[in-house]
Amino acid sequence: MESSLPVLFLLGASHHTAPLAVREKLALDEARAATLSTRLQATPGLREFALLNTCNRVEVYGVAPAASVAQLTATLGEVTGCTGAELAGVLQARVGHSVVEHLFAVAAGLDSQLVGEAEILGQVKAAYDGALARHWTGPVLNRVFQKTFQAAKHIRTHTAIGAGQVSVATVAVDLAGRIFGDLATTKVLVVGAGEIGLKTAQAFQSRGAGTITVASRTLANAEATATQTGGWAASLAELPELLAAADIVTCATAAPGHVLTADLVATAMKHRPARPLFLIDLALPRDIDPAAAAEANVFLYNLDDLAVIAEGNLARREAEAAKGRAIVAERTAALWPQVAQTLGRGE
Amino acid sequence: MSSLLTDRALLWLGALLYLAGFLTGLVALTRRQASAGQRTILNTFLVGGWCFQMAGLYVRGLAVGGCPLGNTFEIVQFVAWSAMVVYFFVGTAFRVSLLGLFAAGYAAALALVSLLIAPWDAGHGSKLFGQNPWIELHAALAVFSYGVFGLLALTSLMHLLQNWSLRHKRLNGLFWFLPSVVQLDQINSRLLALGVLLLTFSLGVGAAWWLRDSASVDLPKLIVTLGVWFVYLVVGLLRWRARLVAVRFAWVCLVLFFLALLSLGPVNSSRSHQVILTPER
């Protein structure tokens with residue numbers, strides 16, 4: 001193999017290869033991503049490239065002679081401030097058809113930390129669109145990326161890798177959908193203005209929940225969280241009235257005892273017996289008395305319940321990933337001869 | 001082949017298509033393939049089954065000279081047919097996941113059982129409605145309301161299953177595709193209101209003629225029919241006042257339908273002038 005011939009390459013690191021501390025150093029903010037792109041453009045022999053930069057991976061896909069690829073490691077180290085020793089153990093370099101196979105798997109969510117997550121496909125599309133708009137891509141990467149999107153869509157459609165939610169907050173939102181259907185008319189009450197309360201409220205907000213009220217012992221904290229979720233703030237003293245009006249209640253306070261007692265829930269249900277009440281207890285120790293679940297039309301889920309569902313969904317996704325990988329292998333085998341021909345080589 | 005054999009053949013075809021729809025839906029469900037294509041296949045079987053069933057009832061109606069509600073077999077077939085009519089409207093309006101599968105199983109079970117139990121089709125009331133179209137309308141509406149209550153029993157069953165799965169945190173398999181609790185509750189309330197409305201209208205029409213000829217209706221039939229209507233009406237009022245809700249409401253609707261089905265026996269047997277149509281049936 002002649003070193004002057006261009007090859008399709010991948011250079012980068014992800015959660016599979018690099019620990020969090022190194023990924024933090026490798027992570028590119030807007031300015032450093034622009035710097036890296038400028039340096040890549042100036043790299044001799046680099047014909048095409050695209051930069052995929054997400055919270056869990058930094059990857060450069062490109063077409064260049066093998067000799068030029070070796071220089072890129074140094075460039076990456078200079079831009080990110082990582083030493084050669086740090087990069088040596090975590091940087092993965094791929095050449096040839098394994099690059100196509102890897103990109104297909106990444107875009108389909110098969111290589112993600114949470115297998116089957118859909119966000120990565122959008123990130124790959126954004127990376128490609130950015131590179132295309134700046135004329136960084138050419139015939140090889142254009143074809144590879146177009147086929148990547150087709151493969152990812154096919155895998156998501158024909159396997160169940162995206163089925164079921166895999167985070168506690170989204171599992172809770174999913175369950176709310178099973179109880180109420182359309183969430184647009186639901187009233188969500190978030191008890192506790194901490195980070196967990198905020199994330200859960202944001203998850204409900206993103207799924208179009210009707211109204212969100214944040215209740216906390218300190219009204220200022222409730223107001224701060226409510227502002228971030230487009231909701232209302234309330235004091236915990238109003239809890240009985242808020243509970244009677246709410247459809248979904250998520251509790252995540254640091255209180256040592258039960259914030260929602262069984263009696264409080266029973267009293268609230270007397271005011272709205274026909275409307276279900278979904279209680280989500282995300283606190284440790286628990287905020288909601290487990291006896292509240294005995295009330296008719298009340299559905300109570302705690303942190304363990306949600307975690308079990310999330311783990312089950314993740315296990316099912318991983319089982320489906322084998323089907324996805326088979327599709328990746330099949331599609332890579334079909335595409336690679338065309339790519340190799342474009343590269344001017346016959347593998 | 002006589003026309004009476006032909007009507008049964010058509011009803012058999014209808015029942016088998018319902019069964020085919022149920023089985024294909026069940027297979028798709030176990031493979032977690034709740035796609036639009038699968039729904040189309042299921043609905044094609046259901047529409048086909050419903051058309052054959054209607055053709056069979058039509059041929060039977062021509063043979064008996066009126067609405068075919070002369071024996072248990074015909075009544076049960078009509079109840080299954082009515083439930084499918086309501087399903088086509090409810091399923092289209094509310095897009096209720098899995099209701100097609102449940103409706104297919106329900107219609108197939110009713111249709112096949114009525115075809116397999118020969119004594120249900122052994123006799124037939126002569127001049128059943130006395131050539132009176134109002135009495136015929138009364139009977140048809142009453143049986144149609146049973147179809148509505150049958151579908152209500154199905155959605156109540158789905159409500160109970162969804163409630164059970166959510167309470168016991170068993171959310172896989174069949175439970176994955178069940179509609180939401182609130183959606184099922186809304187459908188249950190509307191189906192109950194529709195069924196009570198139809199039965200009330202039916203009884204109103206029947207009462208108008210009964211006042212002219214009180215001897216035309218036996219006391220057991222009168223008591224049972226009014227009893228079914230009254231209990232459903234009370235359940236509807238309790239639901240409206242939020243005194244009977246959620247799981248208890250679903251249980252009552254389910255149990256009540258089985259009791260209503262059982263009441264068809266005394267209602268049908270109270271008719272006089274039974275004749276045997278054909279020995280082979």
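The structure displayed is predicted, hence computed values, not measured ones.

1. Details of the sheet that holds strand β10 (residues 298-302) of chain A
Residue and element names in this part refer to chain A. Strand order in the open sheet formed by six strands is β7-β6-β5-β8-β9-β10, and the pairing between neighbours is parallel. Where the open sheet ends on each side, the last strands, each with one partner, are β7 (232-235) and β10. Strand-to-strand twist across the sheet, computed as the mean angle between neighbouring axes with direction ignored, equals 20 degrees. In terms of strand pairing, strand β6 (residues 211-216) meets β7 through four bridges, oriented parallel. Residue Ser 216 lies in a different strand from β7, and its bridge partner there is Ser 235.

2. Side note on the interface of chain A and chain B
On the chain B side, the residues contacting the 14 residues of chain A number 13 residues. Elements represented by at least two residues in the side of chain A that touches chain B include exactly α8 (168-180) and α13 (303-343) of chain A. Looking at the side of chain A that touches chain B residue by residue, the class counts come to nine nonpolar, three polar and two charged.

3. Comments concerning helix α10 (residues 219-229) of chain A
Residues and elements named next belong to chain A. Taken as a whole, α10 has its buried residues at Ala 222, Thr 225, Ala 226 and Thr 229. Relative to the axis of α10, the buried residues are bounded by an arc of 105 degrees and lie together on one face. Along α10, exposed side chains directed more than 90 degrees from the buried face belong to Ala 220 and Thr 227.

4. Digging into the pairing of β6(A)
All names here are of chain A. Among the six residues that make up β6, five are buried, leaving the element largely enclosed by the rest of the structure. Handedness of the β-α-β unit built from strand β5 (residues 187-191), helix α9 (residues 195-206) and β6 comes out right-handed. As for the winding sense of the linkage, the β-α-β connection from β6 through α10 to β7 is right-handed.

5. A word on the nonpolar core
Ranked by internal contacts, the top residues of the largest apolar core, which has 130 residues, are Leu279(A), Ala103(B) and Ala107(B). Ranked by the residues each element gives to this core, the list is headed by helix α5 (residues 133-167) of chain B, at 16 residues. Every residue in contact with Leu279(A), bar those within four places of it in the chain, is listed here: Val249(A), Leu260(A), Ile288(A), Ala292(A), Val298(A), Phe299(A) and Leu300(A). Ala105(A), Leu110(A), Val124(A) and Ala152(A) belong to the second largest nonpolar core, which has 55 residues in total.

6. As for the domain arrangement of chain A
When its domains are assigned, chain A resolves into domain 1 (6-158) and domain 2 (168-308). On a C-alpha basis, the centroid separation for the pair domain 1 of chain A and domain 2 of chain A is 41 Å.

7. A word on the sheet that holds strand β4 (residues 92-95) of chain A
Residues and elements named next belong to chain A. Pairing is antiparallel across the open sheet formed by four strands, whose spatial order is β2-β3-β1-β4. The open sheet has two edge strands, β2 (48-53) and β4, and neither has a second partner. Taking each pair of neighbouring strands and ignoring which way they run, the sheet shows an average axis angle of 15 degrees. Bridge count between β2 and strand β3 (residues 57-65): six bridges; the pairing is antiparallel. Opposite Phe 49, over in β3, you have Gly 62 as the bridge partner.

The rules behind each value
Residues numbered from 1 in each chain as written. Chains lettered and ligands numbered in written order. Predicted model: local features only at pLDDT ≥ 70, side-chain atom pairs only at ≥ 80, totals over all residues. Pairing = 2+ DSSP bridges. Helix = DSSP H or I, 4+ residues; strand = E, 2+ residues; numbered from the N terminus. Axes fitted to C-alpha atoms, helices over the stretch in contact; angles between N-to-C directions. Contact = placed C-beta atoms within 7 Å. Nonpolar A, V, L, I, M, F, W, Y, C, P; charged D, E, K, R; others polar. Buried ≥ 20, exposed ≤ 12 C-beta atoms within 10 Å, placed from the backbone. Arc of directions from axis to C-beta. Right-handed = clockwise from strand over helix to strand, strands pointing away. Core = buried A, V, L, I, M, F, W, Y, C linked by C-beta atoms within 7 Å. Domains from an automatic or database assignment.

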